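Breakdown of the fold
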Amino acid sequence: LPGDAAIPLVLGNFLNLYAGIGGILALDSLTVKEVFIIAVMLSFSHNLFIETGVALKVGVKLWVVLVTRIGLALFSAITINLVWQGGSERIYYGLGGNEEAVSGIMPVLLMALEKAAYGTLKLALIVIPLMLIIQIMKDLNWLDKFSNWMKPITRMLGMKENTSMTLVAGLVIGLAYGAGVMLNAVREDGVSKKDITIAFIFLIACHAVVEDTVIFIPLGVPVLPLLIIRLVTAILLAITIAFIWK
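The notes below deal with the structure included here. Predicted model, so just to flag it, every value in this text is computed and none were measured.

This part covers the overall build of the protein. Summing up its helical and strand segments, the protein has 12 helices and zero strands in all. Seen in sequence order, the protein has helices and strands lined up from the N terminus as α-α-α-α-α-α-α-α-α-α-α-α. For 246 residues, the compact-globule estimate of 2.2 N^0.38 gives 18 Å, and the C-alpha radius of gyration of the protein, at 19 Å, lies within 12% of that figure. Dimensions of the protein, computed from the C-alpha atoms along their principal axes, are close to 60 × 40 × 25 Å. Relative to its 246 residues, the protein shows a buried fraction of 46%. Intrachain contacts of the protein at a sequence separation of at least 6 include 73% that bridge at least 24 residues. Summed over all atoms, the accessible surface of the protein reaches about 12300 Å², with 71% contributed by carbon and sulfur. Side chains of the protein carry 17 positive and 16 negative charges; the gap between the two charge centres is 12 Å.

For the pair helix H3 (residues 32-44) and helix H12 (residues 223-244), the least separation of the axes is 11 Å and the interaxial angle reads 35 degrees. Where H3 crosses over H12, the two elements pack in a sense that is right-handed. Contact residues: Phe36, Ala39, Val40, Ser43 and Phe44 in H3; Pro225, Leu226, Ile229, Arg230 and Thr233 in H12. When grouped by side-chain class, the residues that make up the contact of H3 with H12 number seven nonpolar, two polar and one charged.

In this section: the pattern of salt bridges. Counted by the stated rule, this structure contains two salt bridges. Note that Arg69 is salt-bridged to Glu51, the shortest N-O span being 2.9 Å. With a gap of 18 residues between them, Arg69 in helix H5 (residues 62-83) and Glu51 in helix H4 (residues 48-57) connect regions that are remote in the sequence. Comparing Arg69 with Glu51, the two get one shared label, buried.

What follows is about the packing of helix H8 (residues 164-172) against helix H9 (residues 179-189). Two elements in contact, H8 and H9, have axes whose closest approach is 8 Å; the angle formed by their N-to-C orientations is 175 degrees. Classified by the interaxial angle, the pair formed by H8 and H9 is roughly antiparallel. Each of Met165, Thr166, Ala169 and Gly170 in H8 lies in contact with H9, whose residues at this interface are Val181, Met182, Ala185, Val186 and Asp189. Here the contact of H8 with H9 is composed, by residue class, of six nonpolar, two polar and one charged.

This part takes up unusual backbone geometry. One non-glycine residue, Asn47, lies in the positive phi region at around 50 degrees. The topology assignment puts Asn47 in the loop between H3 and H4. Judged by its relative accessible area of 10%, Asn47 is buried. We note that Ala208 has phi near 45 degrees; this positive angle belongs to a residue other than glycine. Relative to the assigned elements, Ala208 resides in the loop between helix H10 (193-205) and helix H11 (211-214).

On to the environment of Lys138. Positionally, Lys138 belongs in helix H6 (residues 105-139). Residue class for Lys138 comes out partly exposed when judged on its relative accessible area of 33%. The residues contacting Lys138, other than those within four sequence positions of it, are Leu143 and Ile173.

Next up on the list: the packing of aromatic side chains. Counted by the stated rule, this structure contains three aromatic pairs. Between Phe14 and Phe49 the ring centres are 5.5 Å apart and the planes differ by 65 degrees, which places this aromatic pair in the edge-to-face class. Of this pair, Phe14 sits in helix H1 (residues 6-14) while Phe49 is found in helix H4, placing the two residues 35 residues apart along the sequence. Their ring planes at 50 degrees and their centres at 5.2 Å tell us that Phe146 and Trp149 sit as a pair that is tilted.

Inspection of the secondary structure assignment puts Ala242 in helix H12. Separated by 44 residues in sequence, Ala242 and Ile198 place their C-alpha atoms 7.0 Å apart. Sequence-distant contacts of Ala242, that is, excluding residues within four places in its chain, are made with Leu157, Gly158, Lys194 and Ile198.

Each value, and the rule that gives it
- Residues numbered from 1 in each chain as written.
- Predicted model: local features only at pLDDT ≥ 70, side-chain atom pairs only at ≥ 80, totals over all residues.
- Heavy atoms only, no water.
- Helix = DSSP H or I, 4+ residues; strand = E, 2+ residues; numbered from the N terminus.
- Rg over C-alpha atoms; globule rule 2.2 N^0.38 Å.
- Buried < 20%, exposed > 50% of the residue type's maximum accessible area, 1.4 Å probe, protein only.
- Contact = heavy atoms within 4.5 Å.
- Areas by Shrake-Rupley, 256 points an atom, 1.4 Å probe, with all protein chains shown as cover.
- Lys, Arg positive; Asp, Glu negative; His and termini not counted.
- Charge placed at Lys NZ, Arg CZ, Asp CG, Glu CD.
- Axes fitted to C-alpha atoms, helices over the stretch in contact; angles between N-to-C directions.
- Left-handed = near helix turned anticlockwise from the far one by under 90°.
- Nonpolar A, V, L, I, M, F, W, Y, C, P; charged D, E, K, R; others polar.
- Salt bridge = Lys/Arg side-chain N within 4 Å of Asp/Glu carboxyl O.
- Parallel < 35°, antiparallel > 145°, perpendicular 65-115°, else oblique.
- Phe/Tyr/Trp six-rings, centres within 6.5 Å; stacked < 30°, edge-to-face > 60°.

Set out below in structure tokens:
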């Protein structure tokens, strides 16, 4: 990655994915491969302060969270860089084409505002309907139904069935917004230390699976491979740790 990539990586890790995406949209010299690598890294490692706080609240150790998140981000970036030989073309965000270079305070400011407004609008058109759907699901208690459907999958991943609500809340809502539901589920369902650790390692790799995937659509990167990488990594991690941890 070029040195400028530090901007979205720092913003995403210290704040959230939206800040990271804003940092990416501000850089117009990145290639498709570079943006995809940044997107994968931020998918694994973002919003570290808040989401790590949630993990600590349910009893997961700090080193487990940080090693898993930062380790997955670095390992995935190095692997993609070595394996993927394509993606060298310049990324196109759909912001009106490749603008000519501008100079002067006002022209630069106007171009920055135009890009920011367009990027925000595209994100809003995706995220607002998605958040409405999630709120409806919570109000209609659909999470309970999904939790029942998840019980066989929970067993397959090496956890007891009472972990299913924690998994569903993290997968659908995310670690930050789903914190309340997840904390209640851990307390009320009596989830063991082992199961909650495995569940959070799974969710570290793959949480808010719909929202955290679709918000990368405005960047023009392939989101299906992004989703597959997160899901496969989460499943393999959970099964492996459950097998080793007797």
